[in-house]
Amino acid sequence: METWQTISTRRSIREFTNEPVPAQSIQKMLTAASMAASGGNLQAWSFLVVQDPHRLQMLGALAPGIIGKPQAVFVLCIDISQENPEKDPWSFQYMSMSLGAAMQNLLLTAHDLGLGACPVASFHQKAVQVLLNIPEHMLPFLLVAAGFPKYKPVAPARKELDQICFAESWGKPL
């Protein structure tokens, strides 16, 4: 798929088939996530993949944002031991923005591979950390539910560029 086509046709998928996600697809998605832009090339992230049905069910109980039954959930974590608020009070924001770039790479790669995925931010961080034995210094920050889509959702309406994009100063049309 061409980059523009991938970007313009990706949708958040919340309903999945029971078909397992192939190992090579997971590997490619993780590789894409790890290649994302990272502020200062800090790469203060780690990724954990959950595929065991029982563990997925338990994870779903801790994450109301997981709708349907994904065949894989990616847990995107920030290494808060690399945060340095004394030296840089914005370090956590930079790390979370970098993780957002990693998530976008993962979502676009999933779509390119014929998979569906949906980012999830509504979950109990501490409970997920305990359930998945994630070390204290690794903060589970985002989840991505993934699998083969049950259906292709209709594209939602988007705001026109002249409503959200300006040139040189706020309110001045492009």
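Everything that follows concerns the structure shown earlier in this document.
So, here's what we can say about the structure. On a predicted model such as this, the values are computed, not experimentally measured, just so you know.

Considerations on the sheet that holds strand β2 (residues 72-79)
What holds strands together in a sheet is hydrogen bonding between their backbones, with the strands either parallel or antiparallel.
Item 1. With antiparallel pairing, the four strands of this open sheet are ordered in space as β1-β2-β4-β3. Looking at which strands have only one partner, the edges of the open sheet turn out to be β1 (45-50) and β3 (116-120). The mean angle between the axes of side-by-side strands here comes to 25°, regardless of whether they run parallel or antiparallel.
Item 2. Bridging between β2 and strand β4 (residues 138-147) involves eight bridges; their strand directions are antiparallel. Bridge pairing in β4 places Cys77 opposite Pro140.
Item 3. Packed on one face of the sheet, helix α2 (residues 23-34) meets β1, β2 and β4 and runs near 165° to β1.

Section: the packing of α2 against helix α4 (residues 91-112)
Item 1. Here α2 crosses α4 at 145°, and the two axes come no closer than 7 Å. When you trace α2 past α4, the crossing you get is right-handed. Contacts from Lys28, Met29, Ala32 and Ala33 in α2 reach Ala102, Asn105, Leu106, Thr109 and Ala110 in α4.

Re the layout of surface pockets
Item 1. The computed volume of the largest pocket comes to approximately 300 Å³.
Item 2. In this structure, the largest pocket is lined by 13 residues; those nearest its centre are Pro53, Leu56, Gln57, Lys69 and Pro70.
Item 3. For the lining of the largest pocket, the leading source of residues is helix α3 (residues 53-62), giving four residues.
Item 4. Taken together, the residues that form the lining of the largest pocket break down as six nonpolar, six polar and one charged.

Points about the pattern of salt bridges
Item 1. Overall, the coordinates contain one salt bridge when judged by the stated rule.
Item 2. The salt bridge partner of Glu136 is Lys126, with a shortest N-O separation of 2.5 Å. You can see Glu136 sitting in the loop between α5 (125-131) and β4 and its partner Lys126 sitting in helix α5, a full 10 residues away along the chain.
Item 3. A residue is classified by how much of its surface remains accessible, and Glu136, at 58% relative accessible area, is exposed.
Item 4. Judged by its relative accessible area of 39%, Lys126 falls in the partly exposed class.

About the criteria used
Residues numbered from 1 in each chain as written. Predicted model: local features only at pLDDT ≥ 70, side-chain atom pairs only at ≥ 80, totals over all residues. Heavy atoms only, no water. Pairing = 2+ DSSP bridges. Helix = DSSP H or I, 4+ residues; strand = E, 2+ residues; numbered from the N terminus. Axes fitted to C-alpha atoms, helices over the stretch in contact; angles between N-to-C directions. Contact = heavy atoms within 4.5 Å. Left-handed = near helix turned anticlockwise from the far one by under 90°. 1 Å grid on protein atoms, 1.4 Å probe; cavity = no way out; pocket = protein on both sides within 12 Å on 5 of 7 lines; lining within 4 Å. Points joined across faces, edges and corners; volume = space filled by probe spheres on them. Nonpolar A, V, L, I, M, F, W, Y, C, P; charged D, E, K, R; others polar. Salt bridge = Lys/Arg side-chain N within 4 Å of Asp/Glu carboxyl O. Buried < 20%, exposed > 50% of the residue type's maximum accessible area, 1.4 Å probe, protein only.

Taken by themselves, the reported measurements are silent on function.
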